[in-house]
Amino acid sequence: MSIKDLFQQKTVFSFEVFPPKKTSSIDVIYKTLDELHDLKPDFISVTFSAGGSSNNTYALDIASRIKENGVAPMIHLPCINYTKEEITETLEQIKARGIENILALRGDINPDIPPKKDFAHASDLIEFIKEKGNFDIAGACYPEVHPDADSIVDDLRNLKKKVDSGASHLISQLFFDNDAFYQFREKAELAGIDVPIEAGIMPVVNKNQIERMVTTCGASLPNKFVRIMQKYEHNPEALRDAGIAYAVNQIVDLAASGVDGIHLYTMNNAYVARKISEAISGIIGA
Ligand code: FAD
């Protein structure tokens, strides 16, 4: 069954993984994947570097491995630093490996890499992919507004264009305040965006992540979240457990509010994914 159709049946539960650095062996992630497969997610998505900072052949190999293990893979595909010829070549590789699901993205604009001019927005890529084959295409969305957007209204208009060009479901940027997601979902509905929206949940389980969240992520940090992080930042085990509990709380509330799906940013941490999966197994799909 395609991911698109799965949303009609259940609350979708998916994972995201990223490829190892160019200099690392791919075997480490294969071990993680084997553990993630046991948790029976509906699909696993694999990130793809817009600027070549990680090994994109690894990304395709990981997606193939996911498929071999009987889980649907989704490959991310950012376009801003690629020409039409390069994207066509990658699409051919994706097709040859039997991968049907693509998360079509613009990619972040890196000040050191001048964008190639063929694709300005994810919606341009979606139109292009539609011409090239029969893929199931998802897009990204931003409950707290994309940082480049002038206003929430512009961002929603652009999101509507993305859906109209052929995105059959959306995966959200991470957030820690469920109310931000609910408000976004309501506004998206008013804007006529009627495809399923998966909520992106990032369990914050170590100190490096906290620092990254505070400085770069742009998601609002509720007092409850800040209190937990401050209290446990110097106690790795307590921080890990608190981060897992916070994510579980978010998911329970989202499920009770009828969310279409949960996309777990696993950070390649199978232990954390397992703890969360076990805690919500009776809730997702109930
Ligand atoms: P777009 O949809 O193109 O939007 C970008 C900006 O342009 C927004 O401000 C939007 O309002 C505006 N816009 C969109 N369409 C139009 C239009 N037609 N006219 C005018 N303005 C428009 N990056 C990677 O490099 N690799 C990954 O694997 C990756 N995975 C991700 C997974 C998820 C779930 C998410 C949420 C993000 C991911 N990213 C990844 C990051 C993403 O590439 C960046 O957030 C990027 O800045 C925006 O990508 P987008 O596809 O949302 O862009």
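This text gives an overview of the structure that appears in the document. (Residues numbered from 1 in each chain as written. Predicted model: local features only at pLDDT ≥ 70, side-chain atom pairs only at ≥ 80, totals over all residues. Heavy atoms only, no water.)

### Considering the packing of helix α9 (residues 223-232) against helix α10 (residues 236-256)
Turning to step 1, where the next piece is worked out: Running from amino to carboxyl end, α9 crosses α10 at an angle of 165°, the nearest separation of the two axes being 9 Å. One way to sum up the angle between α9 and α10 is to call them roughly antiparallel. The way α9 lies across α10 gives a crossing that is right-handed. Note on element contacts: α10 touches α9 through Ala238, Leu239, Ala242 and Tyr246, opposite Lys224, Phe225, Ile228, Met229 and Tyr232. (Axes fitted to C-alpha atoms, helices over the stretch in contact; angles between N-to-C directions. Helix = DSSP H or I, 4+ residues; strand = E, 2+ residues; numbered from the N terminus. Parallel < 35°, antiparallel > 145°, perpendicular 65-115°, else oblique. Left-handed = near helix turned anticlockwise from the far one by under 90°. Contact = heavy atoms within 4.5 Å.)

### Considering the sheet that holds strand β4 (residues 101-105)
Turning to step 1, where the next piece is worked out: The sheet built from eight strands closes into a barrel, its strands ordered β1-β2-β3-β4-β5-β6-β7-β8 with parallel pairing. Geometrically, the sheet is characterised by an average inter-axis angle of 25° between neighbouring strands, direction not taken into account.
Turning to step 2, where the next piece is worked out: Sheet analysis places strand β5 (residues 136-141) next to strand β6 (residues 169-174), joined by four bridges and oriented parallel. The residue bridging Ala138 from the neighbouring strand is His169, located in β6.
Turning to step 3, where the next piece is worked out: Where helix α4 (residues 84-96) meets the sheet, it contacts β3 (72-78) and β4, and its direction lies at approximately 175° from that of β3.
Turning to step 4, where the next piece is worked out: Helix-sheet contacts for α10 involve β7 (197-201) and β8 (261-265), and the interaxial angle to β7 is about 165°. (Pairing = 2+ DSSP bridges.)

### Focus: the pairing of strand β2 (residues 43-46)
Turning to step 1, where the next piece is worked out: Of the two faces of β2, the one lined by Phe43 and Ser45 and the one lined by Ile44 and Val46 are each fully buried.
Turning to step 2, where the next piece is worked out: As paired elements, strand β1 (residues 12-17) and β2 share four bridges and run parallel to each other. Each residue of the ladder has a partner; that of Val17, found in β2, is Val46.
Turning to step 3, where the next piece is worked out: A crossover connection joins β1 to the parallel β2 through helix α2 (residues 27-37); in handedness this β-α-β unit is right-handed.
Turning to step 4, where the next piece is worked out: As paired strands, β2 and β3 are joined by four bridges and run parallel to one another. From the neighbouring strand, Ser45 faces β3, where its bridge partner is Met74. (Buried < 20%, exposed > 50% of the residue type's maximum accessible area, 1.4 Å probe, protein only. Right-handed = clockwise from strand over helix to strand, strands pointing away.)

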